[in-house]
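# Descriptive structure summary
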Amino acid sequence: MKVLLVYPEFPDTFWSFKHALKFIRKKAGTPPLGLLTVAAMLPAGWEKRLIDVNVTSLTQKDLTWADYVFISAMTVQREAARKIIARCKAAGVKVVAGGPLFTSEYAQFEDVDHLVLNEAEITLPRFLADLACGRAQRIYTTPEYPDIRQTPVPLWELADLSRYASMPIQFSRGCPYDCDFCNVTALFGHRPRTKTASQTIAELDSLCALGWRGPVFFVDDNFVGNKKQLKREILPALTEWRKGKAGLPFCTQVSINLADDEGLMQVMAEAGFDTVFVGIETPDDDSLAECNKYQNRGRDLIESVKRIQRASMQVFGGFIVGFDSDTPSIFQRQIDFIQKSGIVTAMVGLLQAPYGTRLYQRLKGEGRLIDEVSGDNVDGSTNIIPKMNMETLREGYKSILNQIYSPKLYYERVRTFLREYKSPEIAVYLDLQYVLGLFRSIYQLGIKGVERTHYWRLFFWTLAHHPRLFPLAITLAIYGYHFRKVCELYVL
Ligand code: B12
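As a starting point, this report considers the structure included with it. (Residues numbered from 1 in each chain as written. Predicted model: local features only at pLDDT ≥ 70, side-chain atom pairs only at ≥ 80, totals over all residues. Heavy atoms only, no water.)

### Observations regarding the environment of glutamine 309
Within the element layout of this structure, glutamine 309 appears in helix α12 (residues 301-310). Among the residues examined, glutamine 309 registers a relative accessible area of 0% and is labelled buried. When the C-alpha positions of glutamine 309 and alanine 259 are compared, they lie 9.4 Å apart, and in sequence the two are 50 residues distant. Ignoring sequence-local partners within four residues, the contact set of glutamine 309 consists of Val315, Ser341, Gly342, Ile343, Phe417, Glu420, Tyr421 and Lys422. (Helix = DSSP H or I, 4+ residues; strand = E, 2+ residues; numbered from the N terminus. Buried < 20%, exposed > 50% of the residue type's maximum accessible area, 1.4 Å probe, protein only. Contact = heavy atoms within 4.5 Å.)

### Topic: the packing of aromatic side chains
Applying the stated criterion across every chain, the model contains 34 aromatic pairs. When the centroid spacing of 5.7 Å and the interplanar angle of 70 degrees are considered together, the rings of tyrosine 177 and tyrosine 294 count as edge-to-face. Remark: tyrosine 294 occurs in the loop between α11 (285-290) and α12 and tyrosine 177 occurs in the loop between β8 (172-173) and α7 (184-188); sequence separation between them is 117 residues. Looking at tyrosine 177, the relative accessible area reads 15%, which means it is buried. What links up through ring pairs into an aromatic cluster is the set Phe14, Trp15, Phe17, Phe277, Phe316, Tyr405, Tyr410, Tyr411, Tyr479 and Phe483. Taking NZ or CZ as reference, arginine 49 lies 4.8 Å from the ring centre of tryptophan 65, over its face. A cation sits over an aromatic face here: arginine 413 above tyrosine 405, 5.4 Å from the ring centre. (Phe/Tyr/Trp six-rings, centres within 6.5 Å; stacked < 30°, edge-to-face > 60°. Lys NZ or Arg CZ within 6 Å of the ring centre and 35° of its normal.)

### Thoughts on the sheet that holds strand β4 (residues 94-98)
Pairing is parallel in the open sheet, where six strands are placed in the order β2-β1-β3-β4-β5-β6. Both edges of this open sheet fall to β2 (47-52) and β6 (139-140), since each of them pairs with a single strand only. In terms of strand pairing, strand β3 (residues 68-72) meets β4 through five bridges, oriented parallel. Pairing of serine 72 across the sheet is with glycine 98, part of β4. (Pairing = 2+ DSSP bridges.)

### Examining the nonpolar core
One finds Phe70, Leu124, Leu235, Leu238, Leu258, Met268 and Phe273 to be the most contacted residues of the largest nonpolar core, which totals 129 residues. The element that contributes the greatest number of residues to this core is helix α19 (residues 470-490), accounting for 13 residues. With residues up to four places along the chain from it excluded, the contact list for phenylalanine 70 reads Val3, Leu4, Leu5, Val6, Leu35, Val38, Leu42, Val96, Leu124 and Phe127. (Core = buried A, V, L, I, M, F, W, Y, C linked by side-chain atoms within 4.5 Å.)

Take a look at the structure:
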């Protein structure tokens, strides 16, 4: 059996980092972990190839080679996925589809031969068993969540690692919180399910064996969902594993209550975490109450962010406008908050209601749903009828993006952040492309760019005051270029 694993192209979005990746000659952020995990669950004797359309093209020859195409996608890849499925049909290749897009919207994919939905640890063996005896069904689904201690090491070797900026690995799935707009719990449940420390170390070892020394992204829904286990098992194992190694900084996603635990922050930093993504959402307490984000309430959110930064972890933040409680003052309040917090990478979106969430149910009941979500939560679109006038909301949203990604405010924010941030202790691994990236940034941002005065000011200010953070300052200048390009596409 010959299986072609295909990952459709991402549009040019906030999270694609396309404009930034060019500086280090990379094609995409991370390889598709879902497909690489599925590949490891297929029979060893089957021939497997990966085509990630974000780094290479899918040719007719590839399709002719394959007996089956296994496709995965997120909602944001909906249109690209449809095109690939149509090409497979035209080439007479059977399609097996899975992953978040198909799990959420399977009814819309009539052309797909087999929909193997939810987590493959449960549904894929059922499909493979039926296929082996010639009676494969069209849809496989399950309400259960698998024990991921049985999940195999992803087949990294199918991907050309040199084309990616970072590698994804997963320690846990699920989140204990219950924010009403988030579909993580609908897809992966409330109780965080974890892998074992030795399983995670085996995954890291397999990446190292393939020569990987760049960043590693723990793609957990909430890495601190089970603090006890973290402290007892996984973090000591990661700290031990890191000894004698250079590079391989870790980043992950956490809830803000990480800031309440100095001890945990310290061990995370020692284990090599230098960046965390946190859902901040809004400085407005009524809106936090409305969406049930109680872990963010009753605290000084800015101080919480700063505590994490002082513990050597950069904070990326997610923000939302368009809650029912929001008034037009929210736009300036968000801008002020983002500037003061020094959250350089601030993903601001309009409130959307993905299928399967409690918010979706509520708004459906109120007759306030208008469409399906676009899948890109930073494109200024929404599928809900907001309480605030739509025009006011759109204009306010645009003004947030225009301001926080204007060179002046952006570079000011970078300095606010660098003043607070304690440089991590991880030994640096020198990658030639990153060194060349510095020269490319000098040309693109320091000579050609509209931000040139801000760029040079940051350049010399960092060298004078925070020389160890100089590479990070240049990286952030490059991110700023990407964010501005993307915002131009969306709203300017
Ligand atoms: C890493 C990640 C990203 C990375 C990209 C990773 C990549 N290259 O694909 C980045 C940071 C870029 C990203 C961005 C976004 N993401 Co994201 N992301 C994740 C995250 C945290 C982990 C993905 C992962 O690797 N999981 C581990 C693998 C093993 O799981 P998996 O892919 O689901 O695969 C399993 C099954 O689905 C199944 N399976 C998967 N594919 C296939 C294929 C076949 C054939 C079969 C049989 C089975 C199968 O088997 C696997 C094993 O069980 C998930 C949450 C999660 N827990 O999965 C969200 C998630 C995928 N993201 C989501 C969203 C909404 C986004 C964003 C809009 C922003 C945001 N709010 O986070 C943007 C959109 C992208 C863009 N460019 O604009 C949603 C997607 C919902 C949907 N219906 O599509 C998720 C599910 C989180 C959520 N809020 O619910 N994301």
